[in-house]
Amino acid sequence: MTSSSAASRKALSKIASNRLQKELVEWQVNPPVGFKHKVTDNLQRWVIEVNGAPGTLYANETYQLQVDFPEHYPMEAPQVIFLPPAPLHPHIYSNGHICLDILYDSWSPAMTVSSVCISILSMLSSSTVKQRPEDNDRYVKNCRNGRSPKETRWWFHDDKV
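The model shown is predicted, which means the values in this text are computed figures rather than measured ones.

### Let's talk about the nonpolar core
Moving on, step 1. W46, I48, L65, F82 and I98 are the most contacted members of the largest nonpolar core, which has 35 residues in total.
Moving on, step 2. Residue contributions to this core peak at 7 residues, all from helix α3 (residues 113-126).
Moving on, step 3. Sequence-distant contacts of W46, that is, excluding residues within four places in its chain, are made with L20, E23, L24, W27, H37, L65, Q66, V67, F69 and V113.

See the structure below:
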């Protein structure tokens, strides 16, 4: 989460806290392949190591996701961004913001951190080119003052990558 929104972030609700504790236990018992949760004492912010899948453009590459959970998770989607350096991908901006519908309009409370991670890895794995989105420079410039990707009105039109 950005510094401006981190300061204003509200504590997790009891429901959110219980759900995240349950997800964390499940992750420890059965972590999704290619991911590692970096343990901290902050239940509201997870840092997750992502390993590129073998046989893809991202094989043998490692990235980090930062997942910030809102007060009313899972009724509200978490904010998920790549920490620098973000992978070169047509749906990942250089500031780490990810254009993926399940993180915004298509979020469902039935989704979990594991299912989000698997979707992100699938998105990475299906890419045939390593490049930034066409509007990367304009978008990143407009996000300079700590704007959250959840404040963006995304246009989901490309399901090929």
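### A word on the environment of R45
Moving on, step 1. Among the secondary structure elements, R45 is positioned in strand β2 (residues 45-51).
Moving on, step 2. Reaching out from R45, the side chain makes a polar contact with the side chain of D68 at a distance of 2.6 Å.

### What to know about the sheet that holds strand β1 (residues 35-38)
Moving on, step 1. Pairing in this open sheet of 4 strands is antiparallel, and the strands run β1-β2-β3-β4 from one edge to the other. Taken across any chain shown, the strands that pair with only one partner, and hence form the sheet edges, are β1 and β4 (79-82). On average, each strand axis in the sheet is tilted by 25° relative to the strand beside it, whichever way the strands run.
Moving on, step 2. Bridging between β2 and strand β3 (residues 62-68) involves 7 bridges; their strand directions are antiparallel. Paired with V47 across the two strands is Q66, which belongs to β3.
Moving on, step 3. This element, helix α2 (residues 14-29), spans β1 and β2 of the sheet and lies at about 30° to β2.
Moving on, step 4. Each of β1, β2, β3 and β4 touches α3; the most contacted strand, β2, lies at about 35° to it.

The rules we used
Throughout this document, residue positions are counted from 1 along each chain, in the order its sequence is written. Thresholds applied to this predicted model are a pLDDT of at least 70 for local features of residues and 80 or more for the giving and counting of side-chain atom pairs; totals over whole chains, interfaces and linings are not thresholded and use all residues. The basis for every side-chain value is the complete set of non-hydrogen atoms in the structure, without hydrogens or water. Think of a nonpolar core as a cluster: buried Ala, Val, Leu, Ile, Met, Phe, Trp, Tyr and Cys residues, connected wherever their side-chain atoms sit within 4.5 Å. Only protein chains enter the calculation, and the probe is 1.4 Å; a residue is then buried if its accessible area is under 20% of its type maximum, exposed if over 50%, and partly exposed in between. A run of H or I in DSSP becomes a helix once it reaches four residues, and a run of E becomes a strand once it reaches two; helices and strands are each numbered from the N terminus. Only heavy atoms enter the contact rule, under which two residues are in contact if any of them lie within 4.5 Å. Counted as a polar contact is a pair of N or O atoms within 3.5 Å, where, for protein atoms, one must be capable of donating a hydrogen and the other of accepting one, and residues adjacent in sequence contribute only when both atoms are in side chains. Strands qualify as paired when DSSP identifies two bridges or more between them. What counts as an axis is a line fitted to C-alpha atoms, over the stretch in contact for a helix, and the angles between N-to-C directions run from 0 to 180 degrees.

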